[in-house]
Amino acid sequence: MSSKIILGENQYGKAEVRVVKITRDSNRHEIEDLNVTSQLRGDFAAAHLEGDNAHVVATDTQKNTIYAFARDGIGSPEEFLLRLGEHFTSSFDWVNGGRWEAESYAWNRIQAHGSEHDHSFVRNGQEVRTAVLVRDGATSHLISGLKDLTVLKSTQSGFVGYPRDRYTTLPETTDRILATDVSARWRFKTGTDFSTLDFNKSYDDVKGLLLEGFTEKYSHALQQTLFDMGTKVLEAHSEIDEIKFSMPNKHHFLVDLSPFGLDNPNEVFFAADRPYGLIEATVQRDDAAAAPAAWSGIAGFC
């Protein structure tokens, strides 16, 4: 006898809504640039089982809401997502939660004739800022983050003491280039009053701490450096419970210049893009409450 087929967990919405907001309240304009995804969770069984759309808030409506909310300004991606989440869960009785995600792209003012231009910008390609809000009834989980933050230290890194077998060819070294693309997401304590936080200031500080942590100490392995970076953030920010990292080891191999009659005193390298080591880990407080719902939908570690 076959088992009964039922509808499982589900969500739906509008993905990757690109919105650029220019604030023109003075001659010195401001730019905010987001890629926003809105997904609703709630009582949508009839849509799946009966084709009844009475509870389906159109994805086009979700897109339009994002644009309309941008009219009043964005402030920070976290604040913007919190506004969206509150709107959808309070405006429709059958929507009891959802997931809202944003990528934020930074722009710098162009330097022209020795000063910053009032309304001309150049895209800052250093990293992409990220944010995720997950609402489940009255509970909100908020995660900030960044990705594609490429960093390199030209010395004070090595790799020795690892197991060797018949397949091991990697030579040990006490002086190597250490480079990686940092992807990190940090989760604020569940129950935090988010209205008390300055998310832009918090983001800038966490990014600064991650960069400082990368520079400090001799690195015996990228794993050690990752843990030091996460520890530095948690020690400085009591409102953050955990931080997850995904960091590829961007290998740099010394080029053999001897065929050309040249030495290579650890100066000329081949930067390989693949294959690469991939280091992923969570750094967290030992008393942090688990929040698996917060990370649902985030592939891998980041």
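Residues numbered from 1 in each chain as written. Predicted model: local features only at pLDDT ≥ 70, side-chain atom pairs only at ≥ 80, totals over all residues. Heavy atoms only, no water.

- Going by the annotation in an unreviewed UniProt entry, the name recorded for the protein is Uricase, with Arthrobacter sedimenti given as the source organism.
- Here the protein is described in UniProt, under the heading Pathway (unreviewed entry), as follows: "Purine metabolism; urate degradation; (S)-allantoin from urate: step 1/3." (UniProt positions renumbered as here; feature names shortened; annotations may be inferred.)

### Some words on the sheet that holds strand β6 (residues 128-136)
Stage number 1. If you trace the eight strands from one edge of the open sheet to the other, you get β1-β2-β3-β6-β7-β8-β9-β12, paired in antiparallel fashion. In this open sheet, the two strands that pair with only one neighbour each are β1 (12-23) and β12 (277-284). Between one strand and the next, the sheet's axes are offset by a mean angle of 15 degrees, whatever the strand orientation.
Stage number 2. Note: strand β7 (residues 139-153) against strand β8 (residues 178-188), nine bridges, orientation antiparallel. Within β8, the residue paired with I143 across the bridge is R187.
Stage number 3. Across the sheet, helix α2 (residues 59-70) lies against β1 and β2 (30-42), angled at about 20 degrees from β1, the strand it touches most.
Stage number 4. Contacts between helix α5 (residues 222-236) and the sheet are confined to β8, β9 (240-249) and β12, with β9 contributing the most and set at about 155 degrees to the helix. (Pairing = 2+ DSSP bridges. Helix = DSSP H or I, 4+ residues; strand = E, 2+ residues; numbered from the N terminus. Axes fitted to C-alpha atoms, helices over the stretch in contact; angles between N-to-C directions. Contact = heavy atoms within 4.5 Å.)

### Description of helix α4 (residues 199-215)
Stage number 1. Under the 1.5 Å per step criterion, the end-to-end length of α4 is 25 Å for 17 residues, consistent within 8% with the ideal 24 Å.
Stage number 2. Within the sequence span of α4, burial applies to F199, S202, Y203, V206, K207, L209, L210, G213 and F214. Buried residues in α4, looked at end-on, bunch into an arc of 160 degrees, giving them a common side. Turned more than 90 degrees from where α4 packs its buried face, K201, D204 and T215 sit exposed.
Stage number 3. Against the buried residues of α4 lie α3 (77-91), β6, β7, β8, α5 and β9.
Stage number 4. The backbone nitrogen of N200 has a side-chain oxygen 3.3 Å away, supplied by the residue at the start of α4, namely D198.
Stage number 5. A positive phi of about 70 degrees marks K217, the residue just after α4. (Expected span 1.5 Å × (residues − 1). Buried < 20%, exposed > 50% of the residue type's maximum accessible area, 1.4 Å probe, protein only. Arc of directions from axis to C-beta. Polar contact = N/O pair within 3.5 Å; in protein donor to acceptor, adjacent residues only side chain to side chain.)

### Details of the nonpolar core
Stage number 1. If you look at the biggest cluster of nonpolar residues, it comprises 48 residues, and the most contacted ones within it are W186, L210 and F245.
Stage number 2. Ranked by the residues each element gives to this core, the list is headed by α4, at six residues.
Stage number 3. Every residue in contact with W186, bar those within four places of it in the chain, is listed here: L142, I143, S144, G145, L146, Y203, V206, L210, I240, E242 and I243.
Stage number 4. Residues V132, V134, W295 and I298 belong to the second largest nonpolar core, which totals seven residues. (Core = buried A, V, L, I, M, F, W, Y, C linked by side-chain atoms within 4.5 Å.)

### Remarks on unusual backbone geometry
Stage number 1. Geometrically, the link from R274 to P275 is a cis peptide bond, its omega value of -5 degrees lying close to zero.
Stage number 2. Tracing the backbone through its elements, the reader meets P275 in the loop between β11 (269-271) and β12.
Stage number 3. Even without glycine at this site, D148 takes up a positive phi of about 65 degrees.

### Thoughts on the packing of aromatic side chains
Stage number 1. One pass over the full model with this rule turns up six aromatic pairs.
Stage number 2. Seen in terms of ring centroids, F88 and W100 are 6.4 Å apart; in terms of plane orientation they differ by 10 degrees. Their pairing is stacked. In this pair, F88 sits in helix α3 while W100 sits in strand β3 (residues 95-104), placing the two residues twelve residues apart along the sequence. Across the pair, exposure class does not vary: F88 and W100 are buried alike.
Stage number 3. With a centroid separation of 4.6 Å and 15 degrees between ring planes, the pair formed by F159 and Y162 is classed as stacked.
Stage number 4. On the accessibility criterion, F159 (27% relative accessible area) is partly exposed. (Phe/Tyr/Trp six-rings, centres within 6.5 Å; stacked < 30°, edge-to-face > 60°.)

### Quick look at a negative patch on the surface
Stage number 1. On the surface, a cluster of negative charge is made up of E79, D198, D204 and D205.
Stage number 2. We classify D198 as partly exposed; its relative accessible area is 48%. (Patch = residues over 30% accessible without salt bridge, like charges linked within 9 Å, V, L, I, M, F, W, Y side chains within 5 Å. Areas by Shrake-Rupley, 256 points an atom, 1.4 Å probe, with all protein chains shown as cover. Salt bridge = Lys/Arg side-chain N within 4 Å of Asp/Glu carboxyl O. Lys, Arg positive; Asp, Glu negative; His and termini not counted. Charge placed at Lys NZ, Arg CZ, Asp CG, Glu CD.)

### Description of the side chain of Q62
Stage number 1. Note on placement: Q62 falls in helix α2.
Stage number 2. For Q62, a relative accessible area of 0% corresponds to the buried category.
Stage number 3. With residues near it in sequence (within four places) discarded, Q62 still touches Y12, G13, K14, S38, Q39, L40, V57 and F88.

### Examining the side chain of R99
Stage number 1. Along the chain, R99 turns up in strand β3.
Stage number 2. Among the polar contacts made by the side chain of R99, one reaches the side chain of E101 at a distance of 2.9 Å.
Stage number 3. Beyond its immediate chain neighbours, meaning those up to four positions away, R99 contacts Q11, T37, S38, Q39, R41, V132, L133, V134, S296, G297 and I298.

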